[in-house]
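Listed here are the chains, written in short residue letters.
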Amino acid sequence: MTDHTRPTVPNPDLELVEALRRITAVRHTSLSGDEDHHLEMSTKTHSAISDAKVRSFSLDSYSSKAKADSKLKDIRHLHTNGHDLHNEVNHNITDTADDVKITEAIDQDSENEIVTLKEKPLAKISYSDDDIASDMAVQYKKILEHLGENPSRQGLLKTPERAAKAMMFFTKGYKENIADVLNDAVFDENHDDVVIVKDIEMFSLCEHHLVPFMGKVHIGYLPNNKILGLSKLARIVEVYSRRLQVQERLTKQIALAITEAIQPAGVGVVVEACHMCMVMRGVQKLNSKTITSTMLGVFRDDPKTREEFLSLTLTK
């Protein structure tokens, strides 16, 4: 009787082990990337192995070469899936890197756009005095209504327009500047004694309550080879007083403006004022007076010069 030799069948267990070893090698190789990709790849690899439902098969389970070949196909399929997984992970990593580059480019463009906007500030809208007065009149009419008045009665028909124009006059100093007011009225003169202009009348609005304060301004300066037209001192007072003010700031602004205009050896400014916010409301002290002063240069450093100025300005 002829002895039929059993055909040589590959050991599926060994093939399975080899396939798993290769998949594991692929996984560890991919894990050499950054930490975030490591987590994603490891999860996908574990899922692929679980979905394959790998089982070990013994040689005795197969009665024919056909069954063995079928199992070998399963092993090869598993092995192929391992390579596909590796390629998918690499593809995802590449896509992620591209996405990061695109995002960085978009962020950079956004930053450039923001810088461009900062470099190009929006142009200020300019309104005519008539437009401003008209808009303010509408607001004054609303104020009258809120007070319980009837803006349509005869005595108040034009009050909103009049109030708007008056407020624009009270604050006209915002549209004036010292250079235009001085109009080159600075003259060379070798005069080294104190120049004083006193009792310059001043009217302003308290910025806290929008009620008036008024009084007198006394100005003195010690020339340094330059003198200023006398009327210009009064005009400097007018520029800064026709704004919403506090007396302390007003006093200093006048002194600094004179210093900038002619660079004298020293400047002294004294302001005496009565504030309606203390007379008409609040403590209602009718006879109160506020006095402020600013001394610069020799008026601050030299007691004799300061004393001379104060004695000449505050003496009645």
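Reading guide: rules and limits
Residues numbered from 1 in each chain as written. Predicted model: local features only at pLDDT ≥ 70, side-chain atom pairs only at ≥ 80, totals over all residues. Heavy atoms only, no water. Phe/Tyr/Trp six-rings, centres within 6.5 Å; stacked < 30°, edge-to-face > 60°. Helix = DSSP H or I, 4+ residues; strand = E, 2+ residues; numbered from the N terminus. Buried < 20%, exposed > 50% of the residue type's maximum accessible area, 1.4 Å probe, protein only. Pairing = 2+ DSSP bridges. Contact = heavy atoms within 4.5 Å. Axes fitted to C-alpha atoms, helices over the stretch in contact; angles between N-to-C directions. Polar contact = N/O pair within 3.5 Å; in protein donor to acceptor, adjacent residues only side chain to side chain.

> Requested: an account of the packing of aromatic side chains, with residues and values cited.
Following the criterion strictly, the structure yields 1 aromatic pair and no others. Taking the centre distance of 5.4 Å and the plane angle of 85° together, the rings of Phe299 and Phe309 count as edge-to-face. Taken together, the positions of Phe299 in helix α10 (residues 298-301) and Phe309 in helix α11 (residues 303-314) put the pair 10 residues apart, joining distant regions of the chain. When sorted by exposure, Phe299 lands in the same class as Phe309, which is buried.

> Now, about the sheet that holds strand β3 (residues 212-222): what can you tell me, with residues and values included?
Across the sheet, which stays open at both edges, the 5 strands sit in the order β5-β2-β3-β6-β7 with mixed pairing between neighbours. Whereas interior strands pair on both sides, the edge strands pair on one side only; in this sheet they are β5 (244-245) and β7 (290-297). Sheet analysis places strand β6 (residues 266-275) next to β7, joined by 8 bridges and oriented antiparallel. Paired with Val269 across the two strands is Thr294, which belongs to β7. With respect to the sheet, helix α8 (residues 247-262) is in contact with β2 (195-206), β3, β5, β6 and β7, its orientation differing from that of β7 by roughly 25°.

> Before we move on, could you go through unusual backbone geometry and cite the residues and values that matter?
Not every positive phi belongs to a glycine, and Leu210 is a case in point at roughly 60°. Mapped onto the fold, Leu210 is located in the loop between β2 and β3. Residue classification places Leu210 among the partly exposed positions, given a relative accessible area of 47%. The backbone phi angle of Gln284 is positive, close to 55°, even though this residue is not glycine.

> Give me the lowdown on the side chain of Gln245, citing residues and values where you can.
Within the secondary structure, Gln245 is located in strand β5. On the basis of relative accessibility, which here comes to 2%, the residue Gln245 falls in the buried class. Separated by 2.8 Å, the side chain of Gln245 and the backbone oxygen of Tyr240 make a polar contact. Excluding residues that lie within four positions of it along the chain, Gln245 makes contacts with Ser204, Leu205, Cys206, Glu207, Phe213, Tyr240, Leu250 and Gln253.

These figures come from the coordinates and say nothing about function on their own.
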